[in-house]
Amino acid sequence: MTSTDLPASAPHRSPGRPLSPELSEQLVAVAVDILADEGWGRLNSDRVAARARAGKAGIYRRWPTMSALVRHAVSGFDLVVCPEDTGSLRGDLVALLQPWTQELSREERAAAGLVGAARHDDELRAGLDTAVVQPLGAVLDELARRAGARGEPVDPERLALLRTLVQALWWERYTAFSTPLPEAEVAALVDSVLLPAVTAPV
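Residues numbered from 1 in each chain as written. Predicted model: local features only at pLDDT ≥ 70, side-chain atom pairs only at ≥ 80, totals over all residues. Heavy atoms only, no water.

Draft legend 1. Expanded view of the overall build of the chain. Secondary structure summary: the chain contains 9 helices and 0 strands in total. Ordered by position from the N terminus, the helices and strands of the chain form the series α-α-α-α-α-α-α-α-α. Considering only C-alpha atoms, the chain reaches an extent of 60 × 30 × 30 Å along its principal axes. Among the 202 residues that make up the chain, the fraction classed as buried is 44%. Relative to all contacts within the chain whose residues are 6 or more apart in sequence, the contacts with residues 24 or more apart total 77%. Positive and negative side-chain charges of the chain, numbering 21 and 27 respectively, have mean locations separated by a distance of 9 Å. (Helix = DSSP H or I, 4+ residues; strand = E, 2+ residues; numbered from the N terminus. Buried < 20%, exposed > 50% of the residue type's maximum accessible area, 1.4 Å probe, protein only. Contact = heavy atoms within 4.5 Å. Lys, Arg positive; Asp, Glu negative; His and termini not counted. Charge placed at Lys NZ, Arg CZ, Asp CG, Glu CD.)

Draft legend 2. How the structure looks around the packing of aromatic side chains. Summed over the entire model, instances satisfying the criterion amount to 2 aromatic pairs. Between Trp100 and Trp170, the aromatic rings sit 5.6 Å apart at their centres with planes inclined by 70°, giving edge-to-face as the arrangement. You can see Trp100 sitting in the loop between helix H5 (89-96) and helix H6 (106-112) and its partner Trp170 sitting in helix H8 (residues 156-175), a full 70 residues away along the chain. Since its relative accessible area comes to 1%, Trp100 is described here as buried. A relative accessible area of 2% places Trp170 in the buried class. Ring geometry for Trp171 versus Tyr174: centroids 6.1 Å apart, planes at 65°, classification edge-to-face. (Phe/Tyr/Trp six-rings, centres within 6.5 Å; stacked < 30°, edge-to-face > 60°.)

Draft legend 3. Up close: the nonpolar core. Val48, Leu93, Leu96, Leu97, Leu140, Trp170 and Tyr174 are the most contacted members of the largest nonpolar core, which has 63 residues in total. Secondary structure elements with two or more residues in this core: helix H1 (21-38), helix H2 (45-52), helix H4 (66-75), H5, H6, helix H7 (122-149), H8 and helix H9 (183-199). Among the elements that make up this core, the one with the highest residue count is H7 (11 residues). In contact with Tyr174, other than residues within four places in its own chain, are Leu79, Leu104, Glu108, Ala111, Ala112, Val115 and Val132. (Core = buried A, V, L, I, M, F, W, Y, C linked by side-chain atoms within 4.5 Å.)

Draft legend 4. Main features of the side chain of Glu108. Among the structural elements, Glu108 can be located in helix H6. Setting aside anything within four residues of it in sequence, one finds Glu108 in contact with Leu79, Glu103, Arg173 and Tyr174.

Draft legend 5. Region of interest: H5. With 6 of its 8 residues buried, H5 lies for the most part within the structure. Those residues of H5 that fall on the buried side of the exposure criterion are Leu89, Gly91, Asp92, Leu93, Val94 and Leu96. Tucked inside the fold, the buried residues of H5 contact H7, H8 and H9.

Draft legend 6. Up close: the confidence of the model for the chain. With 90% of its residues at a pLDDT of 70 or more, the chain shows a mean pLDDT of 90. Least confident of the elements in the chain is helix H3 (residues 56-60), whose mean pLDDT is 94; most confident is H5, at 98. Low pLDDT, under 50, characterises residues 2-8; the predicted model gives this stretch 13 contacts beyond four residues in sequence or across chains. (pLDDT = per-residue confidence, 0-100.)

Draft legend 7. Highlighting the pattern of salt bridges. The full count for this structure, using the stated rule, is 17 salt bridges. A salt bridge links Arg51 to Glu38, with the shortest nitrogen-to-oxygen separation between them at 2.8 Å. You can see Arg51 sitting in helix H2 and its partner Glu38 sitting in helix H1, a full 13 residues away along the chain. Looking at Arg51, the relative accessible area reads 40%, which means it is partly exposed. For Arg163, the salt bridge goes to Asp141, with nearest N and O atoms at 2.5 Å. Taken together, the residues Arg163 in helix H8 and Asp141 in helix H7 connect sequence positions 22 residues apart. (Salt bridge = Lys/Arg side-chain N within 4 Å of Asp/Glu carboxyl O.)

What follows is the structure, given as C-alpha coordinates:
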(Lines give C-alpha, C1' and ligand atoms only; values in the text may rest on other atoms or scores of the structure.)
Protein backbone atom coordinates (compact mmCIF):
# COMPACT_ATOMS: atom_id res chain seq x y z
CA MET A 1 0.00 0.00 0.00
CA THR A 2 1.61 3.23 -1.13
CA SER A 3 0.70 6.90 -1.36
CA THR A 4 -1.66 8.12 -4.04
CA ASP A 5 -2.15 11.45 -5.73
CA LEU A 6 -5.93 11.16 -5.76
CA PRO A 7 -7.70 14.21 -4.26
CA ALA A 8 -9.32 13.90 -0.87
CA SER A 9 -12.85 12.54 -1.04
CA ALA A 10 -15.76 14.68 0.11
CA PRO A 11 -19.54 14.22 0.07
CA HIS A 12 -20.86 14.48 -3.48
CA ARG A 13 -23.31 17.37 -3.80
CA SER A 14 -26.29 16.94 -6.13
CA PRO A 15 -28.72 19.72 -7.02
CA GLY A 16 -31.68 20.09 -4.68
CA ARG A 17 -32.32 20.90 -1.08
CA PRO A 18 -29.35 21.19 1.31
CA LEU A 19 -27.91 17.96 2.64
CA SER A 20 -28.57 17.16 6.28
CA PRO A 21 -25.24 16.88 8.16
CA GLU A 22 -26.97 14.70 10.75
CA LEU A 23 -27.98 12.16 8.10
CA SER A 24 -24.51 12.31 6.56
CA GLU A 25 -22.98 11.44 9.94
CA GLN A 26 -25.51 8.66 10.46
CA LEU A 27 -24.79 7.10 7.06
CA VAL A 28 -21.04 7.21 7.72
CA ALA A 29 -21.48 5.66 11.18
CA VAL A 30 -23.61 2.84 9.80
CA ALA A 31 -21.13 2.13 7.01
CA VAL A 32 -18.25 2.02 9.51
CA ASP A 33 -20.22 -0.35 11.77
CA ILE A 34 -20.85 -2.76 8.89
CA LEU A 35 -17.21 -2.60 7.81
CA ALA A 36 -15.94 -3.19 11.33
CA ASP A 37 -18.29 -6.07 12.06
CA GLU A 38 -18.66 -7.78 8.68
CA GLY A 39 -16.11 -6.41 6.21
CA TRP A 40 -16.16 -4.74 2.81
CA GLY A 41 -17.89 -7.69 1.12
CA ARG A 42 -21.02 -7.14 3.20
CA LEU A 43 -21.24 -3.39 2.68
CA ASN A 44 -23.78 -2.15 0.15
CA SER A 45 -26.19 0.74 -0.22
CA ASP A 46 -29.27 -1.38 0.57
CA ARG A 47 -27.91 -2.38 3.97
CA VAL A 48 -26.66 1.10 4.83
CA ALA A 49 -29.99 2.67 3.87
CA ALA A 50 -31.98 0.08 5.83
CA ARG A 51 -29.94 0.46 9.01
CA ALA A 52 -29.94 4.24 8.77
CA ARG A 53 -33.66 4.25 7.94
CA ALA A 54 -32.94 6.41 4.93
CA GLY A 55 -33.42 6.14 1.21
CA LYS A 56 -30.63 5.03 -1.08
CA ALA A 57 -31.01 8.34 -2.88
CA GLY A 58 -29.79 10.00 0.32
CA ILE A 59 -26.53 8.07 0.01
CA TYR A 60 -25.96 8.78 -3.66
CA ARG A 61 -26.72 12.48 -3.28
CA ARG A 62 -23.66 12.57 -1.03
CA TRP A 63 -21.31 9.97 -2.52
CA PRO A 64 -21.41 8.59 -6.08
CA THR A 65 -20.25 5.12 -4.99
CA MET A 66 -19.91 3.07 -1.83
CA SER A 67 -16.15 3.29 -2.26
CA ALA A 68 -16.39 7.07 -2.14
CA LEU A 69 -18.48 6.87 1.04
CA VAL A 70 -15.92 4.57 2.64
CA ARG A 71 -13.02 6.74 1.54
CA HIS A 72 -14.70 9.73 3.18
CA ALA A 73 -15.28 7.75 6.39
CA VAL A 74 -11.81 6.22 6.65
CA SER A 75 -10.07 9.49 5.83
CA GLY A 76 -11.49 10.87 9.08
CA PHE A 77 -10.05 8.10 11.24
CA ASP A 78 -7.23 8.79 13.72
CA LEU A 79 -5.34 5.48 13.54
CA VAL A 80 -1.74 6.59 14.12
CA VAL A 81 -0.88 8.55 17.24
CA CYS A 82 2.54 10.14 17.75
CA PRO A 83 3.84 9.00 21.16
CA GLU A 84 5.22 11.32 23.78
CA ASP A 85 9.00 11.66 23.75
CA THR A 86 10.37 8.78 25.84
CA GLY A 87 14.00 9.89 25.63
CA SER A 88 15.18 7.25 23.15
CA LEU A 89 14.31 5.98 19.69
CA ARG A 90 13.72 2.51 21.09
CA GLY A 91 11.32 3.84 23.70
CA ASP A 92 9.49 5.92 21.10
CA LEU A 93 9.06 2.91 18.78
CA VAL A 94 7.80 0.73 21.64
CA ALA A 95 5.34 3.50 22.57
CA LEU A 96 4.20 3.81 18.93
CA LEU A 97 3.33 0.11 18.94
CA GLN A 98 1.58 0.16 22.33
CA PRO A 99 -1.89 0.00 20.73
CA TRP A 100 -0.87 -3.45 19.52
CA THR A 101 -1.23 -4.69 23.11
CA GLN A 102 -4.97 -3.94 22.88
CA GLU A 103 -7.88 -5.23 20.83
CA LEU A 104 -8.43 -3.54 17.48
CA SER A 105 -10.74 -0.56 17.83
CA ARG A 106 -13.92 -0.18 15.80
CA GLU A 107 -12.14 2.12 13.36
CA GLU A 108 -9.14 -0.21 13.10
CA ARG A 109 -11.44 -3.15 12.36
CA ALA A 110 -13.14 -1.07 9.66
CA ALA A 111 -9.78 -0.21 8.09
CA ALA A 112 -8.68 -3.85 8.34
CA GLY A 113 -11.73 -4.86 6.33
CA LEU A 114 -10.47 -2.78 3.40
CA VAL A 115 -6.86 -3.91 3.13
CA GLY A 116 -7.45 -6.63 0.54
CA ALA A 117 -10.04 -4.75 -1.51
CA ALA A 118 -7.90 -1.58 -1.57
CA ARG A 119 -5.42 -3.30 -3.87
CA HIS A 120 -8.01 -3.06 -6.64
CA ASP A 121 -9.92 0.10 -5.72
CA ASP A 122 -8.36 3.57 -5.98
CA GLU A 123 -10.91 5.17 -3.61
CA LEU A 124 -10.31 2.63 -0.85
CA ARG A 125 -6.55 2.82 -1.32
CA ALA A 126 -6.69 6.61 -1.07
CA GLY A 127 -8.69 6.38 2.15
CA LEU A 128 -6.15 4.04 3.75
CA ASP A 129 -3.34 6.24 2.48
CA THR A 130 -4.85 9.21 4.32
CA ALA A 131 -5.66 7.22 7.45
CA VAL A 132 -2.50 5.14 7.81
CA VAL A 133 0.29 5.62 5.26
CA GLN A 134 0.66 9.39 5.45
CA PRO A 135 0.33 9.80 9.24
CA LEU A 136 2.59 6.81 9.89
CA GLY A 137 5.28 8.33 7.69
CA ALA A 138 4.90 11.67 9.45
CA VAL A 139 5.20 10.07 12.90
CA LEU A 140 8.31 8.11 11.93
CA ASP A 141 9.85 11.27 10.51
CA GLU A 142 9.20 12.95 13.86
CA LEU A 143 10.75 10.06 15.80
CA ALA A 144 13.83 10.27 13.58
CA ARG A 145 13.99 14.04 14.11
CA ARG A 146 13.90 13.51 17.88
CA ALA A 147 16.63 10.89 17.64
CA GLY A 148 18.82 13.26 15.66
CA ALA A 149 18.30 15.99 18.24
CA ARG A 150 19.53 13.56 20.92
CA GLY A 151 22.69 12.83 18.97
CA GLU A 152 21.56 9.51 17.45
CA PRO A 153 20.92 10.53 13.80
CA VAL A 154 18.97 8.18 11.54
CA ASP A 155 20.33 7.71 8.03
CA PRO A 156 17.69 8.63 5.39
CA GLU A 157 18.01 5.23 3.72
CA ARG A 158 17.49 3.50 7.05
CA LEU A 159 14.51 5.72 7.79
CA ALA A 160 12.97 4.71 4.46
CA LEU A 161 13.50 1.05 5.40
CA LEU A 162 11.95 1.67 8.81
CA ARG A 163 8.88 3.20 7.16
CA THR A 164 8.51 0.16 4.91
CA LEU A 165 8.85 -2.29 7.81
CA VAL A 166 6.48 -0.49 10.16
CA GLN A 167 3.87 -0.03 7.45
CA ALA A 168 4.07 -3.73 6.53
CA LEU A 169 3.72 -4.72 10.18
CA TRP A 170 0.77 -2.33 10.53
CA TRP A 171 -1.12 -4.11 7.74
CA GLU A 172 -0.05 -7.46 9.17
CA ARG A 173 -1.54 -6.53 12.53
CA TYR A 174 -4.83 -5.57 10.88
CA THR A 175 -5.12 -8.76 8.88
CA ALA A 176 -3.11 -11.55 10.51
CA PHE A 177 -2.31 -11.00 14.18
CA SER A 178 -5.31 -8.85 15.09
CA THR A 179 -5.40 -10.24 18.63
CA PRO A 180 -3.44 -8.24 21.25
CA LEU A 181 0.28 -8.91 21.60
CA PRO A 182 1.99 -9.12 25.00
CA GLU A 183 4.04 -6.04 25.83
CA ALA A 184 7.19 -8.16 25.93
CA GLU A 185 6.52 -9.35 22.38
CA VAL A 186 6.07 -5.79 21.15
CA ALA A 187 9.36 -4.80 22.75
CA ALA A 188 11.06 -7.85 21.23
CA LEU A 189 9.72 -6.89 17.80
CA VAL A 190 11.29 -3.45 18.18
CA ASP A 191 14.60 -4.90 19.45
CA SER A 192 14.92 -7.69 16.89
CA VAL A 193 13.44 -6.11 13.74
CA LEU A 194 12.98 -2.34 13.83
CA LEU A 195 16.03 -1.10 15.72
CA PRO A 196 18.50 -3.24 13.74
CA ALA A 197 17.01 -1.87 10.53
CA VAL A 198 17.84 1.64 11.71
CA THR A 199 21.19 1.06 13.40
CA ALA A 200 22.85 -1.48 11.06
CA PRO A 201 25.60 -0.04 8.82
CA VAL A 202 24.36 1.38 5.51
